[in-house]
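Overview (structure and organization)
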Amino acid sequence: MAPRNTPPSSGKKSAESPKKAPRAVAPDFSDSYDETQGEGGETHQIASGDVPTLTTQQGAPVADDQNTLRIGDRGPAALEDFHFREKIFHFDHERIPERVVHARGYGAHGFFELTKSLSDVTRADIFQRVGERTPVFVRFSTVAGSKGSFDLARDVRGFAVKLYTREGNWDLVGNNIPVFFIQDPIKFPDLIHAAKPEPDRMFPQAQTAHDNFWDFISLTPESFHMIMWAMSDRAIPRSFRFMEGFGVHSFRLLDADGRSTFVKFHWKPKLGLQSVLWNEAVKINGADPDFHRRDLWDAISSGDFPEWELGVQLFDEGFADQFAFDVLDSTKLIPEEEVPVQIVGRLVLDRTVDNFFAETEQVAFCTQNVPPGIDFSNDPLLQGRNFSYLDTQIKRLGGPNFTHIPINAPKCPMAHFQQDGHMAMRNPVGRANYEPNSWGAEGGPRENPVTGFRSFEEPVEGTKRRLRPESFADHYSQARQFFISQTPIEQKHIGDALVFELSKVERPDIRSRVVSHLMNIHDDLADTVANGLGLPLPDAATAARPTIHLEPSAALSIVRNGPPDFGGRKVGIYLTDGADAGVFAALVKAIDKEKAVYEVIAPKIGGVTLSDGAKVAAKQKIDGAPSVLFDAVVIIASADGAALIAKDAASQDFVRDAFGHCKFIGYSPEAMPLFVKAGIADDLDDGCMEIGSSNDVAGFVTACRALRNWNRELKVDMDARA
Ligand code: HDD
């Protein structure tokens, strides 16, 4: 081979010239492309038949997309290579700023269908006609992590819904938790700075388990209700499909006469609530960082469309006046026992995006997007958000015309005089670009006092000043109500989460300050956390208002609002060669009947040969399919197969983790050596079910409806005082 710095001798090259080295060959599209040999011996595919010709952005057909234009065989590139320059220029500019919060997200299309008219309380067109469907785009997200972070962070989940109504877009930009950390939007940058990676070291990514976050929280008592939710299993959902959504704030509904009814919005998943354990979440992040987005994509692609009910809590000024808390305070919820949630519609996600960037990345939610008949309350957080969302889209999407991007454009007619700006796609046409004008019918659109948006006519007076109202001062009572509304296993998880997070905090004084707030919430919780951290119990933090006792609310627990059946859940079936074909067939049938899904896992990706000689392809090799990816697992092994997998670490982890995570485990009797080697053979309980024949299958699948056998975990609590 000629040395690199040897100049070409003449136009001719020796056989050893580096140019002759074989080049990467493009994927084989030989069905649709004709292949031809490039000058250097490389293979390319050229357009033919229905396959379009590659062009530049200007539409010029491209003859060669493999080689830049150069002078001489081994000489410099030519500046006139417009195709190369355009391609690289465009590539260099592919990234846009990620969202400052909620950077990691995943979206899908669907529809909202009204099932109960709200025409008595609102003129909003979307709430008038039962059975009518409105197109929607939904984006789920985590808050703190950057775009490439993992899905199972302990974090709040965004639940943002854009409804393309006939009277303009309505963006209901909510979370999977019905309250928020702060009461005043001026604290939002501080909250987010504190939660994100620390600015000098830029870690930890996508987690709040660090000093800055807990320092801020411990100095912000109003955050403690939200902290209870964020430390509960709500913050590690099993799937977007199994979590609730909340509009959080009190909004207003306005009827045609301008009369107002307060409303809070709820999304309730048809498949019930479900979360994972923290130990599972940590492992899922390693095994499949895209766990949530893959789950949503797979469900929609397979026709198992995720569905939520839209619920509304309606209340009037009279209720607001007598409610124990301020309905304008976003750190408080209204218990469903006090104002029931009425179901008025359903949301179905039935279409994945065609392109992630065009749709999910470019979608711009703005809380101030409301149609006539829906209006804001004076919740200060909401008022602040109404400024922030519009502002952030300009930074992110580069100019004021982001509504021209198809995902953001309303699907109803638009007519206005706003024009120009970067990337204007559809300027108004005609002579008049102002109003009033005297161009008559050709003068463009006019305001309409009847159909147009009207704000609630609320008499307001007061002194201009900076203050936090007295009515916002109780920070602990609803935090306590949340805690006492949880089942024992959920209470344990809250304690575990607090101990875990605070164990990552280096400064003992911060840990102690957090516990001092827990003292105002619940003695047992404070005691468990202090004990788990090895701290003496501190004095309770000074409270602006003493904690009052509120009755528990069943709606606040995940376990009490689990699924009606095992539908939408996934079973991991670990097979070996020689596994019982009858049991496998019965299992598949029972899972299908339950509307659940399964994946076959095998020692080799090539699959296994069952007892009857049938071959079964594997979806996963055991190393890539730890049991954390499944809701329940089954091991069907032959004696020889069991002897083989019993020695394998990934196989041992598979059953040990499934057991530790309280999952239902089905197994053929031959699989027992695996449990022995995994060290759990003596612990197997009634959630571990032997499947000796196909007759045992139905009982197992029915048992899985309970999702977990929590008793297993309740026996051990490392943090609680003995
Ligand atoms: Fe926010 C994004 C939800 C308070 C400022 N927020 C954002 C998203 C969701 C929420 C779901 C992602 C939307 C998407 O998928 O593109 N935010 C909430 C909820 C809050 C809340 C439920 C409290 C009730 N947010 C909040 C405050 C402020 C912001 C108080 C500022 C004053 N939020 C933003 C933002 C973001 C955003 C900076 C970043 C990206 C974006 O807007 O589009 O404007």
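The structure displayed is predicted, hence computed values, not measured ones.

Here the focus is the site of the ligand. Close to the ligand lie 23 residues; Arg-99, Arg-139, Arg-385, Tyr-389 and Gln-393 are nearest. Within the contact set of the ligand, an oxygen atom lies 3.0 Å away from a side-chain nitrogen or oxygen of Ser-388. Spatially, the ligand is embedded in the second largest pocket. Elements with a minimum of two residues in the shell around the ligand: β5 (157-165), β6 (168-175) and α9 (380-397). Counting residues per element, the shell around the ligand draws most heavily on α9, which supplies six residues. Residue composition of the shell around the ligand, grouped by class: twelve nonpolar, eight polar and three charged.

Here the focus is the coordination of the iron atom of the ligand. There is one protein donor for the iron atom of the ligand, namely Tyr-389 (OH), at 1.8 Å. Along the chain, Tyr-389 turns up in helix α9.

Looking now at the packing of helix α3 (residues 211-218) against helix α12 (residues 508-518). To describe two helices that pack against each other, one gives the angle between their axes and the distance between the axes. Viewed as axis vectors pointing N to C, α3 and α12 meet at an angle of 40°, and their least axial separation amounts to 9 Å. Comparing their axes, α12 and α3 come out oblique. When you trace α3 past α12, the crossing you get is left-handed. Contacts between α3 and α12 involve Asp-211, Trp-214, Asp-215 and Ser-218 from the first element and Ile-510, Arg-513, Val-514 and His-517 from the second. In the contact of α3 with α12, the residues fall into three nonpolar, two polar and three charged.

Here the residue pair Phe-203 and Pro-204 is connected by a cis peptide bond, since its omega of 5° sits within 30 degrees of zero. Assignment of secondary structure puts Pro-204 in the loop between α2 (188-195) and α3. Look at the link from Glu-435 to Pro-436: it is a cis peptide, with omega at 10°. Mapped onto the elements, Pro-436 comes out in the loop between α9 and α10 (477-484).

By volume, the largest pocket is sized at about 1,400 Å³. The class makeup of the residues in the lining of the largest pocket is 18 nonpolar, 15 polar and eight charged. The calculated volume of the second largest pocket comes to roughly 1,000 Å³. What lines the second largest pocket is a set of 48 residues, among which Val-101, His-102, Phe-188, Ile-192 and Tyr-389 lie closest to the centre. Counting only elements with at least two residues in the lining of the second largest pocket, the list comes to β4 (133-142), β5, β6, α2 and α9. Classifying every residue of the lining of the second largest pocket by side-chain character gives 29 nonpolar, twelve polar and seven charged.

Bringing the pairing of strand β13 (residues 570-575) into the picture now. Burial of β13 is extensive: six of the six residues sit out of reach of the surface. Neither face of β13 is exposed, since Lys-570, Gly-572 and Tyr-574 on one face and Val-571, Ile-573 and Leu-575 on the opposite face are all buried. Here five bridges tie β13 to strand β14 (residues 597-602), and the two strands are oriented parallel to one another. Bridge pairing in β14 links Val-571 to Tyr-598.

About the thresholds
Residues numbered from 1 in each chain as written. Predicted model: local features only at pLDDT ≥ 70, side-chain atom pairs only at ≥ 80, totals over all residues. Heavy atoms only, no water. Near = heavy atom within 4 Å. Polar contact = N/O pair within 3.5 Å; in protein donor to acceptor, adjacent residues only side chain to side chain. 1 Å grid on protein atoms, 1.4 Å probe; cavity = no way out; pocket = protein on both sides within 12 Å on 5 of 7 lines; lining within 4 Å. Sits in = over half its atoms within 2 Å of the grid points. Helix = DSSP H or I, 4+ residues; strand = E, 2+ residues; numbered from the N terminus. Nonpolar A, V, L, I, M, F, W, Y, C, P; charged D, E, K, R; others polar. Donors = N, O, S within 2.8 Å, 3.2 Å for Na, K, Ca; no water. Axes fitted to C-alpha atoms, helices over the stretch in contact; angles between N-to-C directions. Parallel < 35°, antiparallel > 145°, perpendicular 65-115°, else oblique. Left-handed = near helix turned anticlockwise from the far one by under 90°. Contact = heavy atoms within 4.5 Å. Points joined across faces, edges and corners; volume = space filled by probe spheres on them. Buried < 20%, exposed > 50% of the residue type's maximum accessible area, 1.4 Å probe, protein only. Pairing = 2+ DSSP bridges.

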